[in-house]
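Summary of the model geometry
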Amino acid sequence: SGRSGALRKIMRYANSKIKPCTVKSLEEFFYKSEKFSEKTYGLRGLPQNGSGVLYRGQSNATWLLETTLERGAENHISFSEYFAFLQKMNLPALDFLKQIPPVAFKNDFEVIDKDILAAFAYVRHIGGPSPLLDWTRDRDVALFFAFSNIPKMVEDVSIFIFLDGFFQGHGIGSIPRVPLIRIVSREEVNHLLTHSNHVLQKSEYSYCFFGGGNANVVFAPHEERLSMEKEMPALGCSLCVKFVLPVSLRKKVFEYLKGKGINEYTLFKSDGAY
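Summarised in this report is the structure supplied together with it. (Residues numbered from 1 in each chain as written. Predicted model: local features only at pLDDT ≥ 70, side-chain atom pairs only at ≥ 80, totals over all residues. Heavy atoms only, no water.)

**Quick look at the packing of helix 6 (residues 139-146) against helix 10 (residues 250-259)**
Going by this rule: Axes here refer to lines fitted to C-alpha atoms; in helices the fit is confined to the stretch in contact. Angles between the N-to-C directions go from 0 to 180 degrees. Labels follow the DSSP assignment, with helices taken as runs of H or I lasting at least four residues and strands as runs of E lasting at least two, numbered in each case from the N terminus. In these notes the angle categories are as follows: under 35 degrees is roughly parallel, over 145 is roughly antiparallel, 65 to 115 is roughly perpendicular, and the rest is oblique. Each crossing gets its hand from how the near helix is turned against the far one by less than a right angle, where anticlockwise is left-handed and clockwise is right-handed. Whether two residues are in contact is decided by their heavy atoms: any pair within 4.5 Å suffices.
Packing of helix 6 against helix 10 leaves a shortest axis separation of 10 Å and a crossing angle of 140°. For the element pair helix 6 / helix 10, the angle class is oblique. The hand of the helix 6/helix 10 crossing is left-handed. Here Asp140, Leu143 and Phe144 of helix 6 come into contact with helix 10, specifically with Val253, Phe254, Tyr256 and Leu257.

Structure, rendered in structure tokens:
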């Protein structure tokens, strides 16, 4: 039975391209996550945020690290296709996009305009398909989201830890047909059409794409890039690790978060949350 249980766990994470690290206690998670996060000091670029480390909590360990756009798309979606989709959406907040001509990229290191990122962020906020993936700079906030609203029958949750700042330019360097991850900084986020909760939750966004030279830059899955460990042989680690924690830790986690003053109200500031 032990072997069959191990096999089931392997199959459970088979679809994910990011290496899972299973921990059995909160203390073990803190220790191993800190050890992994310390590797950011060996990165060759400048971190986008103060620590160079981003976190994301998910309440089901079987879920992939994917954007809302990836969840609804079978194949890679080009920038021009997605931009045309946003222009056709009947949302007053996005009317300004109808005045923007088709966008062409000179190379894959060119950043997406802040106004267009604002549209991506707005669509993400209302739950629509967006190429932006949201992260937090606070590990405790990621813990909160991992252990909140856990679906029935779920045995494990997950917390992804991403080491930012591999190259200057605040992204992981790209070569043709190899995806690039770019972080949307706090300064950029402050100008986006996002809710004030973004500040409370110490959030940042990232998007992943490849290509260049025309409007058909293509959005790619984050896991497609983060599964490539060969770019950091000196550190002997991947750029992103998926920590898997048992649901049985939920009570202990929220006792810990209570001591840190992290709860539904402090992260959402609404009467309903209170």
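**Re the environment of aspartate 164**
Within the fold, aspartate 164 resides in the loop between strand 5 (156-163) and strand 6 (180-184). For the pair aspartate 164 and leucine 54, spaced 110 residues apart in sequence, the C-alpha to C-alpha distance is 7.0 Å.

**A short note on the pattern of salt bridges**
Inclusion rule: One speaks of a salt bridge when a side-chain nitrogen belonging to Lys or Arg is within 4 Å of a carboxyl oxygen belonging to Asp or Glu. Exposure classes here rest on a 1.4 Å probe applied to the protein chains alone. A residue is buried below 20% of its type maximum, exposed above 50%, and partly exposed in between.
Tallied over the full model, the rule gives seven salt bridges. A salt bridge links arginine 124 to aspartate 134, with the nearest nitrogen and oxygen atoms 3.2 Å apart. You can see arginine 124 sitting in helix 5 (residues 114-125) and its partner aspartate 134 sitting in strand 4 (residues 133-136), a full ten residues away along the chain. Judged by its relative accessible area of 18%, arginine 124 falls in the buried class. Arginine 137 is the partner of glutamate 204 in a salt bridge, and the nearest nitrogen-oxygen pair spans 3.3 Å. Of this pair, glutamate 204 sits in strand 7 (residues 203-210) while arginine 137 sits in the loop between strand 4 and helix 6, placing them 67 residues apart in sequence.

**Regarding the environment of glutamate 224**
Formally: The term polar contact refers here to a pair of N or O atoms within 3.5 Å; inside protein, the definition further demands a hydrogen-donor-capable atom paired with an acceptor-capable atom, and it admits residues adjacent in sequence only when both atoms are side-chain atoms.
Examined against the element boundaries, glutamate 224 turns out to sit in helix 9 (residues 222-226). Distance from glutamate 224 to proline 179, taken between C-alpha atoms, is 7.4 Å for residues 45 residues apart in sequence. Here histidine 76 takes part through its side chain, which lies 3.1 Å from a polar atom of the side chain of glutamate 224.

**Quick word on the nonpolar core**
As a reminder of what qualifies: For this analysis, a nonpolar core means a set of buried residues of the types Ala, Val, Leu, Ile, Met, Phe, Trp, Tyr and Cys, connected via side-chain atoms within 4.5 Å.
Of all hydrophobic cores here, the largest spans 24 residues; its most connected members are Phe29, Leu143, Phe147, Ile159 and Leu245. The set of elements that each furnish at least two residues to this core consists of helix 2 (26-37), strand 2 (53-58), helix 6, strand 5, strand 9 (240-246) and helix 10. For this core, the element with the highest residue contribution is helix 6, accounting for five residues. Residues within four places of phenylalanine 147 in sequence aside, it is in contact with Val157, Leu245, Pro246, Val247, Leu249, Arg250, Val253 and Phe254. Among the nonpolar cores identified, the runner-up in size contains 23 residues, and Phe79, Met89, Val184 and Phe219 belong to it.

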